[in-house]
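Next come the chains, spelled out residue by residue.
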Amino acid sequence: MSDVSERRPLDRRGFLQLLVGSLATIPVSAAAQTSPAPTTPTTPPATTTPAAPAAPEHSGGEARLLTEVLRARYPDRLSETQWGSVVSDFDGDLGGAKRLRASKLKNSDEPDFTFHA
Amino acid sequence: MADTDLLYLPVRELAARLKSRQLSPVKLTEVCLERLDRLGPQLNAVVTVMRDSALREAKTAEAELARGRHRGPLHGIPYGAKDLVATKGVPTTWGAEPFRKQVFDHDATVVTRLREAGAVLCAKLAMVELAGGMGYNHPDASFTGPGLTPWNTKFWSGGSSSGPGAAVAAGLVPFAIGSETSGSILTPSAYSGVTGLRPTYGLVSRHGAMALSWSLDKLGPMGRTADDCALVLAAIAGPDANDVTQSGRSFAWSGARNGAKKLRVAVPKGCTEKVQPAVRENFDKALASLGSEVTVTRDVEWPDLPWGPAVGAIVTAEGASAFLDMLEAGDASQLKCPADRTGGYSGLLLPAVDYLHAMRLRKPMRAAMQKLFQSYDLVATPTRATVAYPADGEFAKAYPGISGGPPVIPAGNLTGLPALAMPNGFGENGLPTSIAFMGAPFSEGTLCSLGATYQSRTEWHTRKPGGFA
């Protein structure tokens, strides 16, 4: 599904510029500006959260940066439109993570699974 | 009785006819096979019809019944299985093109259990590719095409157990096995107008079933009645050394409630305000019909926890791990739904901290639900806020402004709770609506008892879709 004509590989300099720009936004909670609506029984009609719409122009820098990591890993894998969908997916994940982390836990709260030796 | 009518009979009635030899398992199986072949494609409901093995199993059942050996209420009853449970020597496709030629050398435990109970596996049924784990946003998300509800074939049968929903509703099989990670039994039960039971996490072995999310996946029955679902659950539940998450518990079914005390039912605040009008009206009528059995408390506050983000993080992380090979190889490009071709990638970079935070939250989430069930026996909601989605459009565009309120389905799945969905009327475009009851862990007996009582007083579960009757 890769669309070579639309691909926009990021060189090392571009990646570093994006990294700097993204880090500048993280302390002010870039994810907070892009949090999607909370998941409810009406919007995900089945097993899991459905895909978000195509990448919005206002996508957070963190989502774009994460997408570039994937693009570096799989340079010929997806078209620009598809990479835009990945940016939206990261936006959703980051928004969800922000809501998750807003629920405070005690140091003693263990994950709900147990390792057995 | 016409052949078609046979397949709309509840399991218990079919079982009585089979045991008394008024009905032949071979005849019943042949009727199923003919309908699966002829009508299955109209609904995109079937992946593989298992004609030879089904007739072989039916002949075995017939011979055993003739000898007076009766294995129980499923002996000689045909069924279908969502195509994510392994069947030895027969393709198990997971609804996805990259796995279309996949063949296992073993049967899933549920298939073995049902065979031991004498049930006859007639077909592997269609499903949303990879049980929806890659984030599909459109009903057309399987190489078999969008599952269609027989009540109006311009609309979706629900997902991800789309084939089981459509096949049971159209009388292609008396019951089916579906699976749920977060909504995949309840949703197709609602959109197809059948009864579906999501068991407690750990009651039914998942050995041999496709893994999407190890800590959320469950297998369960979809049938015509609550009694049918309970009979099937009794056959498939129980300890299995091949699934370490199995709780060691079994399920014994004692039938409908009889003179028991009233059940305390909570209706969460906000769960009916923004649903479709027919959904709300049918929900209220259903609760009213159970007035002698339940005491209803409305506007119960739902625990304020990040249910949606937690289930999202867990499915994203576990799903990316479960399908890592497919993602690494680039084979997601073969998936049907464009959103699924890209939807798995972000999971590859989901921070372990976020996954662990979600898993740590499951303990306070379970505590919150335990507290709720100290005051109430069951939670009641409309199963879905709307009737089925159109088969040809994105979900997000189908019913703007409609909302089901608190995230009861994610909450129930994160905390491993059982739930029962039952048809309770019809709404827009002649499509079914549904009511769901959710209970404390291992309360399937209570759920099915109340369901059987409800269905003894109503006839929604007996309706047959025109064109398939």
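See above for the structure.
Nothing here was measured: the structure is a model prediction, and the numbers come from that model.

What am I meant to see in the overall build of chain A here?
Within chain A one finds four helices and zero strands. Each helix and strand of chain A, ordered N terminal to C terminal, gives the series α-α-α-α. Across the 117 residues in chain A, those meeting the buried criterion constitute 39%. Within chain A, counting contacts between residues at least 6 apart in sequence, those at least 24 apart form 80% of the total. Here chain A displays about 6,700 Å² of accessible surface, and carbon together with sulfur accounts for 58% of that area.

What should I look at first to understand the sheet that holds strand β6 (residues 218-223) of chain B in this one?
Pairing between the strands of a sheet is mediated by backbone hydrogen bonds and can be parallel or antiparallel. Residues and elements named next belong to chain B. One open sheet accounts for eleven strands, arranged β1-β3-β2-β4-β6-β5-β10-β11-β9-β7-β8; its pairing is mixed. The outermost strands of the open sheet, each flanked by one partner alone, are β1 (46-49) and β8 (294-300). Across the sheet, the axes of successive neighbouring strands diverge by a mean angle of 25°, strand direction being ignored. As paired elements, strand β7 (residues 263-268) and β8 share five bridges and run parallel to each other. If you follow V265 over to β8, its bridge partner there is V296. Contacting β5 (195-198), β7, β8, β9 (378-382), β10 (419-426) and β11 (432-439), helix α16 (residues 444-457) runs over the sheet at an angle of about 15° to β10.

Teacher, can you tell me more about the nonpolar core here?
In globular proteins that are soluble, nonpolar side chains generally tend to be buried together. Residue and element names in this part refer to chain B. Membership of the largest hydrophobic core comes to 167 residues, with the highest contact counts inside it found for L114, L130 and F437. Residue assignment places this core across two domains, with domain 1 (10-305 + 360-462) and domain 2 (307-359) each supplying three or more. Look past the residues within four positions of L130 in its chain and what remains in contact with it is W94, A96, F99, M210, L212, F323, M326 and L335.

Honestly, unusual backbone geometry in this entry has me stumped. Any pointers?
With glycine set apart, most residues show a phi of negative sign, and most peptide bonds adopt trans. Residues and elements named next belong to chain B. Here G159 and S160 are connected by a cis peptide whose omega angle stands at 10°. Topologically, S160 is positioned in the loop between β3 (120-125) and α6 (162-169). Even without a glycine there, the phi angle at W94 is positive, about 55°. Checked against the element boundaries, W94 lands in the loop between β2 (78-82) and α5 (109-116).

What is the right way to look at the pattern of salt bridges in this model?
Two side chains carrying opposite charge are able to pair once their charged atoms lie near each other. One pass over the full model with this rule turns up 23 salt bridges over all chains. Here B:E34 ties to B:R38 by a salt bridge, and the two come within 2.5 Å at their closest N and O atoms. Here the residue B:E34 and the residue B:R38 both occupy positions in helix α3 (residues 25-43), the gap between them amounting to four residues, near one helical turn. A salt bridge links B:E293 to B:R457; the nearest nitrogen and oxygen atoms lie 2.9 Å apart. In this pair, B:E293 sits in the loop between α9 (277-289) and β8 while B:R457 sits in helix α16, placing the two residues 164 residues apart along the sequence. Three or more residues are tied together by salt bridges with common partners; here these are A:E68, A:R71 and A:E80.

Reading the values: rules and limits
Residues numbered from 1 in each chain as written. Chains lettered and ligands numbered in written order. Predicted model: local features only at pLDDT ≥ 70, side-chain atom pairs only at ≥ 80, totals over all residues. Heavy atoms only, no water. Helix = DSSP H or I, 4+ residues; strand = E, 2+ residues; numbered from the N terminus. Buried < 20%, exposed > 50% of the residue type's maximum accessible area, 1.4 Å probe, protein only. Contact = heavy atoms within 4.5 Å. Areas by Shrake-Rupley, 256 points an atom, 1.4 Å probe, with all protein chains shown as cover. Pairing = 2+ DSSP bridges. Axes fitted to C-alpha atoms, helices over the stretch in contact; angles between N-to-C directions. Core = buried A, V, L, I, M, F, W, Y, C linked by side-chain atoms within 4.5 Å. Domains from an automatic or database assignment. Salt bridge = Lys/Arg side-chain N within 4 Å of Asp/Glu carboxyl O.

Note that all results are geometric; they support no functional claim without further evidence.
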